[in-house]
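# Descriptive structure summary
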Amino acid sequence: MPSLPVSVYERDACPRLPAGCPLASRSPAFLTPLQPHPCLAMSDLQEEGRHAIDSPMSPASVDVHPEDTLLEENEERTMIDPTSKDDPKFKELVKVLIDWVNDVLVEERIIVKQLEEDLYDGQVLQKLLEKLAGCKLNLAEVTQSEVGQRQKLRTVLEAVHGLLRPYGWALQWTVDAIHGKNLVAILHLLVALAMHFRAPIRLPEHVSVQVVVVRKREGLLHSSHITEELTTTTEMMMGRFERDAFDTLFDHAPDKLSVVKKSLITFVNKHLNKLNLEVTALETQFADGVYLVLLMGLLEDYFVPLHNFYLTPDSFDQKVHNVAFAFELMLDGGLKTPKARPEDVVNLDLKSTLRVLYNLFTKYKNLE
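Okay, so let's go over this structure. Being a predicted model, the structure only gives us computed values, none of them experimental.

Across the interface, helix α11 (residues 257-272) lies against helix α13 (residues 290-300) with an axial gap of 9 Å and an inter-helix angle of 70 degrees. The orientation of α11 with respect to α13, classified from their angle, is roughly perpendicular. Residues F267, V268, H271 and L272 of α11 pack against Y291, L295, L298 and L299 of α13. The residue makeup of the contact of α11 with α13, split by class, is seven nonpolar, one polar and no charged.

Here it is in structure tokens:
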């Protein structure tokens, strides 16, 4: 009988170790209720929490439970404002990243269900990095002790930093934050990995969350709000800050956009009409990659074997395959690597589609 996918939760489904055993001390969950000190009366604890909630710096909408905020002097703890967690764009970002991680790790029979619970100990992050980077980290498969988990996580993050730092990525996570199940830090890490390795996904843009920071000073809890920006625009996250004529066109001369589109439509139809095909909407009719592949064959005067691409693609991956294949044909034809990503074209990004077509126009505009 074939084996079924194993949830990462099953890593912890092992016999409990005897009390006092050093391996039994796992790191407490981030903001998991802590046991009050026996010398601290419950009434005092409740009063301390109530002071933080009712203080002017603490928004009334944030539910800060006293047992969640038993901190040492000058200790700080953060949590995502509940209203931010309910934001549709935030939920979409989390879902897209979970689905992406599961797609990458499908052959490992790992299923991630909750980012902060499944990635904090470094085990899943190790597998993810090994798959994305095509490398192998010499680490123990399973580590139950907190010290071992932190050491594994530190090694994995050092490898991540070695890959990302040369490209100017801001490293907005730490070993303590990830191991402490800080969801904001985990999201920053996954967004950076997805963008660096050009994941075939579309992250929602301009996602921000309100984070509540609770700090204990002089025996009292003080809370404040900060805004964490998780995503900006796709182009900025990809690090493509150089502007071109299309950026200027979209930003400052939208009235001329229709003229450019009309010229490109005339150009592509001059060739596609040979196959009795006609384009009227650039942003949609090139999104599945079929017309791009056929157009390259016409421009370079060769027949593209049908087994090399999907003539009737019915999934996102098949469309990305087609566009990526068309990009390969462009490179074979002596054109520069398109600035756009295949995923951008598939996702109906007009600016990306225009860049690709204009690249063809500049080389083949005089071709009959």
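Below, the discussion takes up helix α5 (residues 123-133). Side chains three or four residues apart in an α-helix point the same way, a direct result of the helix having 3.6 residues per turn. Burial analysis of α5 places nine of its eleven residues in the buried class, the great majority of the element. Those residues of α5 that sit buried are Q123, V124, L125, Q126, K127, L128, L129, E130 and L132. Along its buried surface, α5 packs onto α3 (88-104), β3 (110-111), α4 (115-118), α6 (146-164), α7 (175-179) and α8 (183-196). G134, located one to two residues past α5, shows a positive phi value of around 65 degrees.

On to the pattern of salt bridges. A complete count under the given rule lists ten salt bridges for this structure. Put simply, R150 and E146 hold a salt bridge, and the shortest N to O gap is 3.3 Å. With R150 and E146 both in helix α6 and four residues apart, this pair spans about one turn of that helix. Residue class for R150 comes out partly exposed when judged on its relative accessible area of 22%. A salt bridge links D176 to R150; the shortest N-O distance between them is 2.6 Å. Of this pair, D176 sits in helix α7 while R150 sits in helix α6, and the two are 26 residues apart along the sequence. Overall, D176 belongs to the exposed group, its relative accessible area being 54%. Salt bridges sharing partners connect three or more residues here, namely R202, E205, D344 and D349.

The rules behind each value
Residues numbered from 1 in each chain as written. Predicted model: local features only at pLDDT ≥ 70, side-chain atom pairs only at ≥ 80, totals over all residues. Heavy atoms only, no water. Axes fitted to C-alpha atoms, helices over the stretch in contact; angles between N-to-C directions. Helix = DSSP H or I, 4+ residues; strand = E, 2+ residues; numbered from the N terminus. Parallel < 35°, antiparallel > 145°, perpendicular 65-115°, else oblique. Contact = heavy atoms within 4.5 Å. Nonpolar A, V, L, I, M, F, W, Y, C, P; charged D, E, K, R; others polar. Buried < 20%, exposed > 50% of the residue type's maximum accessible area, 1.4 Å probe, protein only. Salt bridge = Lys/Arg side-chain N within 4 Å of Asp/Glu carboxyl O.

Such coordinate-based values are descriptive only and should not be taken to indicate function.
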